[in-house]
Amino acid sequence: IIKALSLDKEALVFALDDTLVPKYGRKIHGRSTHYDHCAKVNRPQYIQGLNWVVLALVHYVSPFHKWIALPFLSQLYIKRDKLGENQEFKTRIQIAQDMVASLKRTLPNPLTLVTDALFATRGLIGCCFREGVTFISRLQCNAALFRPAPPRKPKARGRPKKYGSRLPSLAQLARSSKGFRTHSLVLYGKTRDIPVKTVKAYWKPAGCVVLVLIVRYPGKKSPTFFFCTDERLSVERVLTLVAARWGIENTFKDMKQHLGLEDWQCRVKNAVERSTTITC
């Protein structure tokens, strides 16, 4: 993909997400009951089927003025009670960690990973921090943030502080109009003026100082919160990549509706796993 599109290896962006594929045969490898957090009002919240974790390269296509996601790595998440005796159980976060480590071994260049809130956990963020991968995702509204650690005094005793005093809650920071700046960005194909407040804070699940963005999207009553583990990235770049992540959702839709991901008549392990690889 990198060679075909002549991409700059120093500015590669990847999106990580999972998708559910309904399957109703009882003897299909990996089939389980999964909760669908995106289920519509008239659809069941639990689905019988397969849960795939997918990693995709996100690329901006200038002629179409849009971001697309090119999936190249997929792995099936299987619940513990559906595994055989000698099979190792891995959560979706552990699968994502293996993907990031494998990707970093192949591409030792600076990489950026964008995910939704499901994957914004201590395990995956820590893995990205160790591998030198910039991590961008949504931040929960109840996240506890702390000021960066103050400078260490000369000849001070004890270990250095990791962080300072606790900051006000995100809701309190959002209610204050002080610090908001309006940025003109092209998001989802339209130019929008978006007020954004930035805060540099220590977040314990990340284990480091992160760049927190408090965003007031037009037409939304409540603010939205994001974070980035690279403090040097600009607000424009972070919000652009957050919007670009939606490309993987469109990719899932195309894989199911046009490329037959839901139509594979596979039951055994190798066939099931290869079906999604071929579709990607």
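Residues numbered from 1 in each chain as written. Predicted model: local features only at pLDDT ≥ 70, side-chain atom pairs only at ≥ 80, totals over all residues. Heavy atoms only, no water.

Caption draft 1: Here's a closer look at the pattern of salt bridges. Within this structure, the stated rule accounts for seven salt bridges. Between Arg 245 and Glu 249 there is a salt bridge, and its shortest N-O distance comes to 3.3 Å. For Arg 245, a relative accessible area of 12% gives the class buried. As a salt-bridge pair, Glu 273 and Lys 269 come within 3.3 Å of each other at their nearest N and O atoms. Of this pair, Glu 273 and Lys 269 both sit in helix α7 (residues 269-279), four residues apart, roughly one helical turn. The class for Lys 269 is partly exposed, based on a relative accessible area of 38%. Connected through salt bridges with shared partners, the residues Asp 17, Arg 245 and Glu 249 form a single ionic network. (Salt bridge = Lys/Arg side-chain N within 4 Å of Asp/Glu carboxyl O. Buried < 20%, exposed > 50% of the residue type's maximum accessible area, 1.4 Å probe, protein only. Helix = DSSP H or I, 4+ residues; strand = E, 2+ residues; numbered from the N terminus.)

Caption draft 2: Highlighting a nonpolar patch on the surface. Residues Ile 1, Leu 5 and Phe 72 make up a contiguous nonpolar surface patch of roughly 250 Å² in combined accessible area. Mapped onto the fold, Ile 1 is located in the segment before α1 (2-5). Residue Ile 1 is classed as partly exposed on the basis of its relative accessible area of 46%. (Patch = residues over 30% accessible without salt bridge, like charges linked within 9 Å, V, L, I, M, F, W, Y side chains within 5 Å. Areas by Shrake-Rupley, 256 points an atom, 1.4 Å probe, with all protein chains shown as cover.)

Caption draft 3: Broad picture of the packing of helix α2 (residues 92-106) against helix α3 (residues 122-131). Between α2 and α3, whose axes approach to 9 Å, the crossing angle comes to 10 degrees. Accordingly, the angle class assigned to the pair α2 and α3 is roughly parallel. As for how α2 packs across α3, the hand of that crossing is right-handed. Listed contacts from α3 to Ile 93, Ala 96, Gln 97, Val 100, Ala 101 and Lys 104 of α2 are Gly 123, Leu 124, Cys 127, Cys 128 and Glu 131. Class assignment for the residues of the contact of α2 with α3 results in seven nonpolar, two polar and two charged. (Axes fitted to C-alpha atoms, helices over the stretch in contact; angles between N-to-C directions. Parallel < 35°, antiparallel > 145°, perpendicular 65-115°, else oblique. Left-handed = near helix turned anticlockwise from the far one by under 90°. Contact = heavy atoms within 4.5 Å. Nonpolar A, V, L, I, M, F, W, Y, C, P; charged D, E, K, R; others polar.)

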